[in-house]
Amino acid sequence: MDITLRSRREIELIRRAGAVVADVLSKLKEIAEPGVTTGCLDAVASQMTAEAGAKALFKGVCSPYARTPFPACVCTSINEQVVHGIPSEAVILKEGDILSIDFGVRLDGYCGDAAVTVGIGEISDDKRRLLDVTKHILDIAVTRTAPGIKWSEIAAEMQNYTESAGFSIVKDFVGHGIGKKMHEEPRVPNFVNEELLAGDIILTEGMVLAVEPMVNAGISDVRTLKDKWTVVTKDGKCSAHFEHTIAVVKDGCEVLTAGSTLRQITK
Ligand code: MF3
Ligand code: CO
């Protein structure tokens, strides 16, 4: 496995890209209310990205299923949509929805990638629990990441916590290394399988990973809609998604998409 280790300077550059991502996500969270379209969220993201002198990472990326470029800056995935939902002026957020907003930029040659899932207005207790569990397993990854730890140990904890809560981890999509490109080695699953056990990731100072658990309220199976992008749960139940770009550092882990210019060290 060819995992690039990043210098302190490169990590700072990724953090600068991550700060733009965090700023945009925090703005979109604030304006995502009943009556607002996902197309409007995309327009705001596009403008803020240009103002920051950055470039949106997702726009124009080709779908693995067909040569269909992703047409927008952000992915907006509502309720049973898992990831890669396409923003549109025709999609109006309504009270009680949950919305995953996934966004990434390149700034000065380095990439940041993050996602949050938010409730629109008041949401049900079930949806709140799904959001809390998904957020929690991303927190597990952040607090457990440190040099010398095997990723499979963290992935097992994420999976066990999710399954003990009665939910399931999406297996068809995984996190990824990130740096000069949005997707680099290694694949970063949120569950344990043969592939991971055969080629475990020993976390090493300088690794930069986008960790992005997707949790389904029902079964883990997903399918892709005819638009070639939008991934939905097969059983139609809700799904949530949280993501941070993190760096393995000497003392543990730093979150590079946390949005504060202060260094965030967890250990
Ligand atoms: N955070 C997602 C990922 O890392 C978003 C990619 S959207 C795409 O895969 F359009 F770029 F594919
Ligand atoms: Co990602």
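In this text the structure is predicted, and so the values were computed from the model without any measurement. (Residues numbered from 1 in each chain as written. Chains lettered and ligands numbered in written order. Predicted model: local features only at pLDDT ≥ 70, side-chain atom pairs only at ≥ 80, totals over all residues. Heavy atoms only, no water.)

> What's the story with the sheet that holds strand S7 (residues 175-177) in this structure? I'm lost.
Within a sheet, adjacent strands bond to each other through the backbone by hydrogen bonds, running parallel or antiparallel. Taken in spatial order, the five strands line up as S8-S7-S9-S14-S15 in an open sheet, and their pairing is antiparallel. Either end of the sheet is taken by a strand with one partner, and the two such strands are strand S8 (184-188) and strand S15 (252-255). Neighbour-to-neighbour, the strand axes of the sheet open up by a mean angle of 30°, direction not taken into account. (Pairing = 2+ DSSP bridges. Helix = DSSP H or I, 4+ residues; strand = E, 2+ residues; numbered from the N terminus. Axes fitted to C-alpha atoms, helices over the stretch in contact; angles between N-to-C directions.)

> Just checking my understanding: could you explain the site of ligand 1 for this structure?
Around ligand 1, the structure places 13 residues, and the nearest of them are Asp102, His176, His183, Glu212 and Glu243. Asp102 places a polar side-chain atom, nitrogen or oxygen, 2.7 Å from a nitrogen atom of ligand 1. Glu212 is positioned such that a nitrogen or oxygen atom in its side chain is 2.9 Å from an oxygen atom of ligand 1. Coverage of ligand 1 by the protein chains reaches 94% of its 330 Å² of free accessible surface. For the shell around ligand 1, a count of residues per class yields six nonpolar, three polar and four charged. (Near = heavy atom within 4 Å. Polar contact = N/O pair within 3.5 Å; in protein donor to acceptor, adjacent residues only side chain to side chain. Areas by Shrake-Rupley, 256 points an atom, 1.4 Å probe, with all protein chains shown as cover. Nonpolar A, V, L, I, M, F, W, Y, C, P; charged D, E, K, R; others polar.)

> How do you make sense of the coordination of the cobalt ion (ligand 2) when you look at a structure like this?
Note on metal sites: the ideal angle is 109.5 degrees for four tetrahedral donors, and 90 or 180 degrees for six octahedral donors. Of the protein atoms, only Asp113 (OD), His176 (NE2), Glu212 (OE) and Glu243 (OE) coordinate the cobalt ion (ligand 2), at distances of 2.1 to 2.2 Å. Around the cobalt ion (ligand 2) sit six donor atoms, and with donor-metal-donor angles ranging over 67 to 174° the site reads as irregular. Within one chain, the residues serving as donors to the cobalt ion (ligand 2) are arranged as D-x62-H-x35-E-x30-E. Of this pair, Asp113 sits in strand S5 (residues 110-119) while Glu212 sits in the loop between strand S9 (208-211) and strand S10 (214-216); the two residues are 99 residues apart in sequence, bridging distant segments of the chain. For the pair shown, Asp113 and Glu212 are each scored as buried. (Donors = N, O, S within 2.8 Å, 3.2 Å for Na, K, Ca; no water. Tetrahedral: all angles 85-135°; square planar, octahedral: opposite > 155°, others 65-115°. Buried < 20%, exposed > 50% of the residue type's maximum accessible area, 1.4 Å probe, protein only.)

> Sorry if this is basic, but what is going on with helix H2 (residues 38-51) here?
The α-helix winds at 3.6 residues per turn, so residues separated by three or four positions along the chain end up facing the same way. Between its terminal C-alpha atoms H2 stretches 20 Å, which fits the 20 Å expected from 14 residues at 1.5 Å a residue. What H2 keeps buried is the set Thr38, Gly39, Leu41, Asp42, Ala45 and Thr49. One side of H2 carries all its buried residues, which in axial view fall inside an arc of 155°. Along H2, the residues that are exposed and aim more than 90 degrees away from the buried face are Gln47, Ala50 and Glu51. (Expected span 1.5 Å × (residues − 1). Arc of directions from axis to C-beta.)

> Would you mind going over the packing of helix H1 (residues 8-31) against H2 with me for this structure?
To characterise two packed helices, one gives the angle between the axes of the helices and the distance between these axes. Contact pair H1 / H2: the axes reach a minimum separation of 10 Å and the direction vectors enclose 150°. On the basis of their axis angle, the class for H1 and H2 is roughly antiparallel. Two packed elements cross with a definite hand, and for H1 against H2 that hand is right-handed. Residue-level inspection shows Asp23, Val24, Lys27, Leu28 and Ile31 of H1 in contact with H2, the latter providing Leu41, Val44, Ala45, Met48 and Thr49. (Parallel < 35°, antiparallel > 145°, perpendicular 65-115°, else oblique. Left-handed = near helix turned anticlockwise from the far one by under 90°. Contact = heavy atoms within 4.5 Å.)

> Help me understand unusual backbone geometry, please; the structure alone is not making it clear to me.
Negative phi values dominate among residues other than glycine, just as trans dominates among peptide bonds. Across the junction of Glu185 and Pro186, the peptide omega takes the value 0°, indicating a cis bond. Unusually for a residue other than glycine, Asn79 sits at a positive phi of about 55°. Relative to the elements of secondary structure, Asn79 occurs in the loop between strand S2 (75-78) and strand S3 (81-83). The exposure class of Asn79 is buried, given its relative accessible area of 12%. Located in the positive-phi region is Asp108, a residue other than glycine, with phi close to 50°. The residue Asp108 is located in the loop between strand S4 (98-107) and S5 in this model.

> How do you make sense of the sheet that holds strand S11 (residues 222-224) when you look at a structure like this?
Overall, antiparallel pairing links the three strands, which are arranged S3-S12-S11 in an open sheet. Every interior strand has two partners, whereas the edge strands, S3 and S11, have only one. Direction aside, neighbouring strands of the sheet carry axes that sit 40° apart on average. Pairing of S11 with strand S12 (residues 231-233) involves three bridges; the strand directions are antiparallel. In the sheet register, Arg223 faces S12, and the bridge partner there is Val232.

> Just checking my understanding: could you explain the pattern of salt bridges for this structure?
Pairing between side chains becomes possible if they bear opposite charge and their charged atoms approach one another. Evaluation of the coordinates by the stated rule reveals 13 salt bridges. Of the charged contacts in the structure, one is a salt bridge between Asp97 and Lys94, with a shortest N-O distance of 3.0 Å. On the accessibility criterion, Asp97 (3% relative accessible area) is buried. Counted as one network, the salt bridges with shared partners bring together Arg8, Glu12, Arg15 and Glu254. (Salt bridge = Lys/Arg side-chain N within 4 Å of Asp/Glu carboxyl O.)

> What should I look at first to understand the pairing of S8 in this one?
Two faces make up the sheet, and in a regular strand the side chains alternate between them. Sheet analysis places S7 next to S8, joined by three bridges and oriented antiparallel. Note on S8: the bridge partner recorded for His176 is Arg187.

> So what exactly am I meant to see when it comes to the nonpolar core here?
If you look at soluble globular proteins, the nonpolar side chains tend to sit buried side by side. Formed by 62 residues in total, the largest nonpolar core has its most connected members in Leu99, Phe103, Trp151, Leu203 and Val211. Here Trp151 is in contact with Ala141, Thr145, Met158, Val188, Pro189, Leu196, Asp200, Ile201, Leu203 and Val211, once residues within four sequence places are set aside. By size, the runner-up hydrophobic cluster in this structure holds 18 residues, among which are Tyr110, Ile178, Met182 and Trp229. (Core = buried A, V, L, I, M, F, W, Y, C linked by side-chain atoms within 4.5 Å.)

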